[in-house]
2 protein chains.
Amino acid sequence: MKRYERFAEEISELIRSGVLAPGERVPSVRQASRHYAISPSTVFQAYYLMEKQGLIVSRPRSGYFVREQAQQFLNEPEMTQGHPETADIAVSELVFSVLGSLQNVDTVPFGSAFPSPELFPLPRLARSMAKGLRELSPNAIITDMTAGDTALRRQIALRYRLAGVHLPPQELVITNGAMEALNLGFQCVTEPGDLVAIESPAFYASLQVLERLKLRAVEIPVHPREGIDLDKLADSLAKYPIKACWLMSHLQNPLGASLSTAKKQALYGLLKQHQVPLIEDDVYAELYFGSKPPVPVKHFDDEGLVIHCGSFSKCLAPGYRVGWVAGGRYAESISRLKLMTTISPSVPAQVAIADYLQHGGYDRHLRKLRLALEFQQTRMLSAAARYFPKDTRATRPAGGYFLWFEFPKPVDSLRLFQIALAQGISIAPGPIFSATQGYQNCARLSYGHPWTPRSEEAMAFLGEQLRAMLASC
Amino acid sequence: MKRYERFAEEISELIRSGVLAPGERVPSVRQASRHYAISPSTVFQAYYLMEKQGLIVSRPRSGYFVREQAQQFLNEPEMTQGHPETADIAVSELVFSVLGSLQNVDTVPFGSAFPSPELFPLPRLARSMAKGLRELSPNAIITDMTAGDTALRRQIALRYRLAGVHLPPQELVITNGAMEALNLGFQCVTEPGDLVAIESPAFYASLQVLERLKLRAVEIPVHPREGIDLDKLADSLAKYPIKACWLMSHLQNPLGASLSTAKKQALYGLLKQHQVPLIEDDVYAELYFGSKPPVPVKHFDDEGLVIHCGSFSKCLAPGYRVGWVAGGRYAESISRLKLMTTISPSVPAQVAIADYLQHGGYDRHLRKLRLALEFQQTRMLSAAARYFPKDTRATRPAGGYFLWFEFPKPVDSLRLFQIALAQGISIAPGPIFSATQGYQNCARLSYGHPWTPRSEEAMAFLGEQLRAMLASC
């Protein structure tokens, strides 16, 4: 990270944490230069960047101020309800019908599950691919299949180390994206009919995995900022024969909630006490705003109970389909199960990513990506505050590219989804995130694409429709 | 195919079919040139090629003769036994322990499941990859995931047409190799506990798929040249509630048997009568010796009952992990199941193969590959005839890269496997090809690697060990 970026990050933290309030003046260039012992031009560069991100505004002859809009956001939703009873899952049909409608690339992609491909270094990756393939010994194209590319596993193990997790590359199984990792993990620790604890709301694809494997779910409530309700989870673990727990401890999809480090440790203690394996879906690990990577629950795993799933699909290389799983005590059975189902992910994709991680400037790319997403989040939050009914609630996650909206109760988000789609706007309606098809009045909107006048118009259109729905009640 | 290759093929067919017997003179250059209306140099080129393939020998001042060894082979095995009762499958442990020992690249690779990587146009594919990625629109890297690369699906549909199968590209689902295709197919037409008809012996990985999905098997006998015993299959279909049939109608692994076109049609009629879906594993489709592609059972499928699985892993791009399934009436459920398990194969691998199929000279590569394999087959067959006990039986398949050996009964192929491995030679022992761990005295040997003095020594060593085993009885 360059000096001006580090400084911009420090001031941004002050704004995010509320130390610098909206409308307040940020340190003048002279003050900052003296106080932080950096050149005035470094300060200018930093403020220019923050202005682009929409965090501060310059007023001629007065200096830089925290942008008013930066805090004029909608209120946060309350803790979710969950579903304390056990439930069969029947959401796949709905999910497929919604996803099927999202294929048209011409829509405003608020419903998309991926950030914009423009945000990824695809040409640079293609160069890494060419280089990696030139250097690959012909035999490796066959031997790498079973174990996974050695260089890639080493690079992934190094990144774990940065996040405070020490694990041997041998524990890593490279998979066809995180989706295969999740599937393998669940299959290794459950039998059809078993009960699994999940968050509510939860990522629709994981609900589909549970449905496919004929698992039943207890849905645990989630605080939209602080994550899963540990007391409720403890109750359920005591009451039901839960065989596994699936959750996202960081930037939970769709809420964006992240557990604090202390809460992660407490969660691990609870699961260890009941000897319940955790499938930790951590596909947004690299998309944190701020300067430090969060530690995953896996960090505390001294008994190999955590099956930690990661992926490059959301932060580097969508479509390459390279993910991985650090399977703890289940690593060997996961590896065997993979050999019996898909054998291996594509070797060229693996060597491309391995080369890129070593030589391509991954951290530089990630910093740029995080800044772009943070900026786009601000734009969507302020548009929502401008156009949506005032009693709408919205999350404000510290990373990722999703906002979760809770509209006033009479709103039917499936109807909103249909109306929006007819207008060329996609959204992800609430019920696809629930085993029991709750969240009728909620929706997930993605700010993963560069903000354009068309995005602004789309938010205005959604706002109109919401008002119309409320007026007609 | 060039003129001299076509001519060489014609003469080779005459040798294979026995019209030209071992030791007999092939047409002289002058005769051939006149009779086939080609130049003498074309005839020379053809004979030179056939000499390299070991089919003919030149005798100074006398001309070219059919090589004696070309027919001095071991006898063919009898029809296999099968297992008319239903059986649970428990072969995975054995398979894993055998496969685990095969990872060392320094062994003589008779046990390998892949042909030598040297036989594939890997540098040309890497160029196709670079070009494909340059031309790919950034959005396609995301949209291609769900449906599969459009150009690739069109190219595959075109190749089906060459083999006499008309199908819309929409019926094709691109998968992570044929292994995923098989897994998806089985999951769409069976429930755990169901009964499935398979060949005996059968490809070990498909036995692992059945074991994983908790399916039970009826093993049908197979003739080592003519394929599955249709009468026995008819009996089993009448007697048991069989939910699906899995087989390889062409170059069956491990026997190398191929059904005649008439037998394929009869097989389809039988399955249609019982409305039992067929999972047709056709991964060796392109590896036929001779000049015409065989038609698959899928050719006769007027009711969408055949789930036809193919792959580029054995004929073009091992390690790329690109296969496909033409799912007939099950295509939609297969596609959905794929979305719930791995979402998609790697997009770069798909665009690379799509570009290669269109511009890379696939048919030229395949002709070269087939000639190399046919030549290597002759070398292994004649080595076996020289070194193995005379009452050993061996298949002589019309394609692929596997021979199946039936040794005299007292031979224990698992012991042979251990002894050979200690000497740096891998083989695939018979019991891994059977749900009920039969075929103790059999083994599959691959001739997929270029023949070297070390291959010759390895065959001699195996022969010695076989004799020693028989002597000690």
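Attention in this report is confined to the structure presented alongside it. No experiment lies behind these values; they were computed from the predicted model shown.

**What about helix α10 (residues 230-239) of chain B?**
Residue and element names in this part refer to chain B.
And then number 1: Along α10, the residues classified as buried are Leu230, Leu233, Ser236 and Leu237. Looking straight down α10, one finds its buried side chains confined to an arc of 120 degrees; they lie on one side. Facing away from the buried side of α10 by over 90 degrees, the exposed positions are Asp231, Ala238 and Lys239.
And then number 2: The secondary structure elements touched by the buried residues of α10 are β6 (195-200), β7 (216-223), β8 (227-228), β9 (242-247) and α11 (261-274).
And then number 3: You can read the cap of α10 off the contacts: a side-chain oxygen lies 3.0 Å from the backbone nitrogen of Asp231, and it is on Asp229.

**Comments concerning the relation of the copies chain B and chain A**
And then number 1: Of the two same-sequence chains, chain B is brought onto chain A (RMSD 0.1 Å, axial shift 0.0 Å) by a rotation of 180 degrees. Taken together, the rotation and translation describe the operation of a two-fold axis.
And then number 2: Interface overlap between copies: 100% of the residues of chain B at the interface are likewise at the interface in chain A, consistent with a symmetric, same-surface contact.

**Focus: α11 of chain B**
And then number 1: For α11 of chain B, with 14 residues, the first-to-last C-alpha span of 20 Å sits near the 20 Å given by 1.5 Å per residue.
And then number 2: Turning to α11 of chain B, the residues buried within the fold contact β8, α10, β9, β10 (278-281) and β11 (306-311) of chain B.

**Comments concerning the nonpolar core**
And then number 1: Core analysis: the largest hydrophobic core is formed by 300 residues, its most contacted members being Phe110 and Tyr320 of chain A together with Phe110 and Tyr320 of chain B.
And then number 2: When neighbours within four sequence positions are excluded, Tyr320 of chain B is seen to be in contact with Leu133, Ile141, Ser346 and Pro348 of chain A together with Leu125, Ala126, Met129, Ala349, Ala352 and Ile353 of chain B.
And then number 3: Phe7, Ile15, Ala32 and Val43 of chain B belong to the second largest nonpolar core, which has 21 residues in total.

**A look at the packing of aromatic side chains**
And then number 1: Within this structure, the stated rule accounts for 36 aromatic pairs over all chains.
And then number 2: Ring centres of Tyr356 of chain A and Tyr362 of chain A lie 6.1 Å apart, and the angle between their planes is 75 degrees; this geometry places the pair in the edge-to-face category.
And then number 3: For Tyr356 of chain A, a relative accessible area of 1% corresponds to the buried category.
And then number 4: Overall, Tyr362 of chain A belongs to the buried group, its relative accessible area being 3%.
And then number 5: Grouped by ring-pair contacts, the aromatic residues Tyr160, Phe312, Trp324, Tyr356 and Tyr362 of chain A constitute a single cluster.
And then number 6: We note Arg59 of chain A situated over the ring of Phe65 of chain A; from NZ or CZ to the ring centre the distance is 4.1 Å.
And then number 7: Its guanidinium or amino end placed over the ring of Phe402 of chain B, Arg444 of chain B lies 3.7 Å from that ring's centre, counting from NZ or CZ.

**Description of the packing of helix α12 (residues 331-341) of chain A against helix α8 (residues 177-189) of chain B**
And then number 1: Orientation of α12 of chain A relative to α8 of chain B, taken along the N-to-C sense of each, is 90 degrees, at an axis distance of 7 Å. When the axes of α12 of chain A and α8 of chain B are compared, the pair comes out roughly perpendicular. Contact residues: α12 of chain A offers Leu339, Met340 and Thr341 of chain A, while α8 of chain B offers Met179, Glu180 and Asn183 of chain B.
And then number 2: Residue composition of the contact of α12 of chain A with α8 of chain B, by class: three nonpolar, two polar and one charged.

**Let's talk about the interface of chain B and chain A**
And then number 1: The interface of chain B with chain A comprises 46 residues on the first partner and 46 residues on the second.
And then number 2: Between chain B and chain A lies a buried interface of about 4100 Å² when both sides are counted; carbon and sulfur atoms form 68% of it.
And then number 3: Of all residues in chain B, Phe96, Arg212 and Met340 of chain B give up the largest surface area on contact with chain A, accounting jointly for 16% of the area buried on that side.
And then number 4: Across the chain B-chain A interface, the total number found is two salt bridges.
And then number 5: Linking Arg336 of chain A and Glu93 of chain B is a salt bridge whose minimum nitrogen-to-oxygen distance equals 2.8 Å.
And then number 6: For the side of chain B that touches chain A, the secondary structure elements donating two or more residues are α4 (92-101), α5 (122-135), α6 (140-147), α8, α9 (204-212), α12 (331-341) and α13 (347-359) of chain B.
And then number 7: Tallied by class, the residues present in the side of chain B that touches chain A amount to 25 nonpolar, 14 polar and seven charged.

**Some points on the pattern of salt bridges**
All names here are of chain A.
And then number 1: Counted under the stated rule, the structure contains 32 salt bridges over all chains.
And then number 2: The closest approach of N and O atoms between Arg336 and Glu332, which form a salt bridge, is 3.3 Å. Here Arg336 pairs with Glu332, and both are found in helix α12, just four residues apart, close to one helical turn.
And then number 3: A residue is classified by how much of its surface remains accessible, and Glu332, at 51% relative accessible area, is exposed.
And then number 4: What you see here is one network of salt bridges that share partners, running through Arg159, Glu286, Asp363 and Arg370.

Definitions and limits used
- Residues numbered from 1 in each chain as written.
- Chains lettered and ligands numbered in written order.
- Predicted model: local features only at pLDDT ≥ 70, side-chain atom pairs only at ≥ 80, totals over all residues.
- Heavy atoms only, no water.
- Buried < 20%, exposed > 50% of the residue type's maximum accessible area, 1.4 Å probe, protein only.
- Helix = DSSP H or I, 4+ residues; strand = E, 2+ residues; numbered from the N terminus.
- Arc of directions from axis to C-beta.
- Contact = heavy atoms within 4.5 Å.
- Polar contact = N/O pair within 3.5 Å; in protein donor to acceptor, adjacent residues only side chain to side chain.
- Least-squares fit on C-alpha atoms with pLDDT ≥ 70 in both.
- Expected span 1.5 Å × (residues − 1).
- Core = buried A, V, L, I, M, F, W, Y, C linked by side-chain atoms within 4.5 Å.
- Phe/Tyr/Trp six-rings, centres within 6.5 Å; stacked < 30°, edge-to-face > 60°.
- Lys NZ or Arg CZ within 6 Å of the ring centre and 35° of its normal.
- Axes fitted to C-alpha atoms, helices over the stretch in contact; angles between N-to-C directions.
- Parallel < 35°, antiparallel > 145°, perpendicular 65-115°, else oblique.
- Nonpolar A, V, L, I, M, F, W, Y, C, P; charged D, E, K, R; others polar.
- Buried area = accessible area lost by both parts, 1.4 Å probe.
- Salt bridge = Lys/Arg side-chain N within 4 Å of Asp/Glu carboxyl O.

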